[in-house]
Amino acid sequence: MSLLDLRTPAVLLRVDRNPFHHGTLGAVRSLGRAGVEVHVVADSDGPVSASRFVCRTYSPPPPGASPRDIVDVLRRVAGSFEQAAVLIPMDDTSAVAVSGMRRALRQSYLLPEVPEALPERVADKAELAAVCSWAGIPHPMSLLPESPAQAAAAAHRLGLPVVAKWSRPWLLPSGHGLRSTTVLNSARQARDLYLRTEEAGSPLLLQKHLPPGSGQDWFFHGYVDRAGDVRAGGAGLKQRSWPRVAGLTAVGRWRSNPAVRALSERLVRELGYRGVFDLDFRYCGTTGLYHLLDFNPRPGAQFRLFSDTAGLDVVRALHMDLTGRPPLEGAPQEGRRFVVENYAPLATLRPSARGCELAWHSSDDPAPGRVMRALWCRHVTRRLRQRYRTAATVQVQVHGHRVEQEAASCVSHDEKVSSC
């Protein structure tokens, strides 16, 4: 008998067009295995829609859709349910839109009682720096330049290399080559990146670079229930990221860290936050402090790492709390590993005494893994072809430039001869 309310369906919302978002698949499997009817509002051209635990997939709002457009889509989806469903945003765009339109959705969906502006505030990288200052949470020194010259000066002031972040990464346009976080090695790079502010859709934040190293990158996942208590989740060590230095968790391990837990619980308590959250920290050997880097007001992609002995994770805790079911918590499974196969394939071969959860492959739901492998092969092949074309173009340009230089040299020589 399931501990979850099987009469209440769940709707997963993801506006971001990312076929390799394994966190959405994790949520589908977590709820589906418990017997909950799972509906997905996301791009159907990906592995998630192949899962046997998906009841139905709906087309998401178009890129750049307004919060009102997102609400309209969700209302149409809710029309097929006999009662309110649990709504779970899976990306920043969705989380910010849903929190801002909470009143318009409350008749159709069950949502945590979080202050409407809070998810947007903590997801905004510039606002997060102010939040940390207010709450007394360690945070890397950050500057908001207002001109290209100020960006170059800020890079020198913070010390190179410097971390560049777009304040509201969910506004970044697709296909423009802009990343939410970039490590810059020169003041010129900072100035050039600032010139793309209008294109990015939000201010550029420059942040002091805390050198990475073994055992320094941590994350904390949890669910804050209606009483303000942190349920499920735990602290994890990021052992490998993709891309390196400033990327998502490719390999992570569940490890106890009282300092990270204390910081996390204090922050969400002082903010009055409710719902699922995912925090990223980096330990600074100079100060001896854990600095908060990111606050994601939604499930993190690797949340399934924190599945205890009773099978409780943050997504199940959310569903149980919103439907009035008390969560039955088991014992932590510290030492457990989480591996994203397409980013760290060799890590899947290493044994783990406490078990290892793969992002894509699962014996009881194999289809998403097969779809992912096919898509990933096409993705890698396409990227290699693009790099080859770029390299060939550069070579031709360089060669052409040399030819022009040689021709100019010949002309100059002929002119000298004629003048003699």
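Because the structure is predicted, anything quoted here is derived from the model rather than measured.

Asker: For this particular structure, what's the right way to read the packing of helix H6 (residues 125-135) against helix H10 (residues 258-271)?
Answerer: Between two packed helices, what matters for the description is the angle formed by their axes and the separation of those axes. Relative orientation of the contacting elements H6 and H10 amounts to 95 degrees, with a least axis distance of 11 Å. One way to sum up the angle between H6 and H10 is to call them roughly perpendicular. Of H10, the residues touching H6 (which contributes Val131, Trp134 and Ala135) are Arg266, Leu267, Glu270 and Leu271. Classifying every residue of the contact of H6 with H10 gives 5 nonpolar, no polar and 2 charged.

Asker: What should I look at first to understand the sheet that holds strand E4 (residues 85-89) in this one?
Answerer: Backbone-to-backbone hydrogen bonds join strands into a sheet, with any given pair of strands oriented parallel or antiparallel. Within the open sheet, the 5 strands sit side by side as E3-E2-E1-E4-E5. Their pairing is parallel. Strand pairing shows two members of the sheet lacking a second neighbour, strand E3 (54-58) and strand E5 (109-110), which therefore form its edges. In the sheet, strand E2 (residues 38-41) pairs with E3 via 4 bridges, with the strands oriented parallel. Within the sheet, the bridge partner assigned to Val41 lies in E3 and is Tyr58.

Asker: Looking at this structure, how should I read helix H8 (residues 187-194)?
Answerer: Residues spaced three or four apart along an α-helix point in a common direction, a consequence of the helix completing one turn every 3.6 residues. Every buried residue of H8 is listed here: Ala187, Ala190, Leu193 and Tyr194. The buried side chains of H8 occupy one side of the element, clustering within an arc of 125 degrees when seen end-on. Looking at the buried positions of H8, the neighbouring elements they touch are helix H7 (148-158), strand E7 (162-166), strand E8 (181-184), helix H9 (197-200) and strand E9 (204-208).

Asker: In this structure, what is going on with the pattern of salt bridges? I would like to understand it.
Answerer: According to the stated counting rule, one finds 23 salt bridges in the structure shown. Of the charged contacts in the structure, one is a salt bridge between Arg7 and Asp5, with a shortest N-O distance of 3.0 Å. Its relative accessible area of 62% is what places Arg7 among the exposed residues. One network of salt bridges, with partners in common, ties together Arg304, Asp313, Arg336 and Glu357.

Conventions we followed
- Residues numbered from 1 in each chain as written.
- Predicted model: local features only at pLDDT ≥ 70, side-chain atom pairs only at ≥ 80, totals over all residues.
- Heavy atoms only, no water.
- Axes fitted to C-alpha atoms, helices over the stretch in contact; angles between N-to-C directions.
- Helix = DSSP H or I, 4+ residues; strand = E, 2+ residues; numbered from the N terminus.
- Parallel < 35°, antiparallel > 145°, perpendicular 65-115°, else oblique.
- Contact = heavy atoms within 4.5 Å.
- Nonpolar A, V, L, I, M, F, W, Y, C, P; charged D, E, K, R; others polar.
- Pairing = 2+ DSSP bridges.
- Buried < 20%, exposed > 50% of the residue type's maximum accessible area, 1.4 Å probe, protein only.
- Arc of directions from axis to C-beta.
- Salt bridge = Lys/Arg side-chain N within 4 Å of Asp/Glu carboxyl O.

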